[in-house]
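# Architecture at a glance
Spelled out, the chains give:
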Amino acid sequence: MAAILARKLGMTQRFRDDGRVDRVTVLEAGPCHVVGLRTADRDGYDAVQLGFGAVRERRLTKPELGHLKKAGVPPVRHLAEFRDEAGELQVGDEVRVDVFEPGQRVKVSAVSKGKGFQGTIKRHNFSRGPVTHGSHNVRAPGSIGASATPSRVFKGVRGPGRMGGKRVTQRGLEVVEVMAGENLLLVRGSVPGPKNGTVEVRTDG
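Please read all numbers here as calculations on a predicted model, not as lab measurements. Counting restarts for each chain: residues are numbered from 1 in the order of the written sequence. Given that this is a predicted model, residues contribute local features only at a pLDDT of at least 70 and side-chain atom pairs are listed and counted only at 80 or more, while totals for whole chains, interfaces and linings are drawn from all residues. Here the side-chain values reflect all heavy atoms present in the structure, with hydrogen atoms and water set aside.

### Looking at the environment of Ser-190
Comment: elements are numbered from the N terminus, with helices defined as DSSP H or I runs of at least four residues and strands as E runs of at least two. Checked against the element boundaries, Ser-190 lands in the loop between strand E11 (184–188) and strand E12 (198–203). Only protein chains enter the calculation, and the probe is 1.4 Å; a residue is then buried if its accessible area is under 20% of its type maximum, exposed if over 50%, and partly exposed in between. A relative accessible area of 44% places Ser-190 in the partly exposed class. Residues Ser-190 and Thr-25, spaced 165 residues apart in sequence, show a C-alpha to C-alpha distance of 5.9 Å. Note on definitions: a residue-residue contact is assigned when non-hydrogen atoms from the two residues lie within 4.5 Å. Setting aside chain neighbours within four positions, we find Ser-190 in contact with Met-11, Thr-25, Gln-170 and Leu-173.

Right, dumping it as structure tokens:
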């Protein structure tokens, strides 16, 4: 098992020797510092806490600085826990991108792009209404419940509202290339989140 924090740089394409092309997302993965370890005996679960992204000390609070100093880790911007990924890691160790290898299946988690308040067509992929014969039901959601009984709309009915800005996990992605010298990880396909957003990469399965 392997896990790392990364920064999404954007998308590009790689050509294979046989002429086929891979659409890939470029991730600046690590190096990450091991800030803490969680054990089942003490904390009730097993996990490793990784820190990523250099930052000035004045950007952190005193408790955050004390937590990092206790682990002997320089100031970092992001902390994240990965369950059941500790292995033989110790506090203060460094996790680099070479823990992954080409052809490996991974899953990537991040906060998706926020799209604001959207209607049901964009948010839930509803179909449009008729656009001819004077119809006024072009992009309206349609019926959402009876009027007399039960005289209310049931909870959970899909409607307009805020779209995006939630934690999303994309599974089944394949590592195309590992560039250890530049701390880069090339993953086939798209991953959640905006450019320069922080993502969590784990082995899938």
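Once you've had a look at it, read on.
### Re the nonpolar core
Residues belong to one nonpolar core when they are buried, are Ala, Val, Leu, Ile, Met, Phe, Trp, Tyr or Cys, and are joined through side-chain atoms within 4.5 Å. In this structure, Leu-27, Leu-50, Phe-100, Leu-185 and Val-201 are the most contacted members of the largest nonpolar core, which totals 28 residues. Top contributing element to this core by residue count: strand E1 (residues 3–15), with four residues. Setting aside residues up to four positions removed in sequence, Phe-100 forms contacts with Ala-2, Ala-3, Ile-4, Val-106, Val-178, Leu-185, Val-201, Arg-202 and Thr-203. Val-35, Ala-71, Val-73 and Val-76 belong to the second largest nonpolar core, which has seven residues in total.

### Remarks on the side chain of Ser-109
Relative to the elements of secondary structure, Ser-109 occurs in strand E7 (residues 105–111). Identification of polar contacts relies on pairs of N or O atoms within 3.5 Å, with a donor-acceptor requirement for protein atoms, meaning one able to donate a hydrogen and the other able to accept it, and with residues adjacent in sequence counted only if both atoms are side-chain atoms. Here Thr-169 takes part through its side chain, which lies 2.8 Å from a polar atom of the side chain of Ser-109. Contacts of Ser-109, omitting those with residues within four sequence positions, involve Arg-167, Val-168, Thr-169, Val-199, Glu-200 and Arg-202.

### Here's the deal with the packing of aromatic side chains
Here a pair means two rings of Phe, Tyr or Trp (six-membered ring of Trp) with centres within 6.5 Å. Their orientation is stacked below 30 degrees between planes, edge-to-face above 60, and tilted elsewhere. Evaluation of the coordinates by the stated rule reveals zero aromatic pairs. The ring of Tyr-45 carries Arg-83 above its face, with NZ or CZ at 4.1 Å from the centroid. Criterion for a charge above a ring: Arg CZ or Lys NZ at most 6 Å from the ring centre, at most 35 degrees from the ring normal.

### Examining the pairing of strand E10 (residues 167–179)
When DSSP finds at least two bridges between two strands, those strands are taken to pair. For E7 and E10, the ladder comprises six bridges, and the chain directions are antiparallel. Residue pairing in the sheet places Val-106 in a bridge with Leu-173 of E10. Alignment of E10 against E11, held across four bridges, turns out to be antiparallel. Residue pairing in the sheet places Val-175 in a bridge with Val-187 of E11. Between the end of E10 and the start of E11, which pair antiparallel, lie four residues, with Asn-183 showing a positive phi angle near 55 degrees.

### Notes on the sheet that holds strand E5 (residues 76–83)
In spatial order, the strands read E5-E4-E3-E6; together these four strands make up an open sheet with antiparallel pairing. Taken across any chain shown, the strands that pair with only one partner, and hence form the sheet edges, are E5 and strand E6 (94–95). Where strand E3 (residues 32–38) lies against strand E4 (residues 47–54), five bridges are found, and the strand directions are antiparallel. Looking across to E4, one finds that Gly-36 is bridged to Gln-49.

### Here we look at the pattern of salt bridges
Side-chain pairing between opposite charges can occur once the charged atoms of the two side chains come close. What makes a salt bridge here is a side-chain nitrogen of Lys or Arg within 4 Å of a carboxyl oxygen of Asp or Glu, nothing more. Overall, the coordinates contain twelve salt bridges when judged by the stated rule. The partner of Arg-7 in a salt bridge is Glu-28, with the nearest N and O atoms 2.7 Å apart. Residue Arg-7 is found in strand E1, and its partner Glu-28 is found in strand E2 (residues 21–29); the two are separated by 21 residues along the sequence. Note that Arg-38 is salt-bridged to Glu-81, the shortest N-O span being 2.9 Å. Taken as a pair, Arg-38 in strand E3 and Glu-81 in strand E5 lie far apart in primary sequence, 43 residues in all. A relative accessible area of 28% places Glu-81 in the partly exposed class. One connected set of salt bridges, linked through shared partners, spans Arg-16, Asp-22, Glu-174 and Arg-188.

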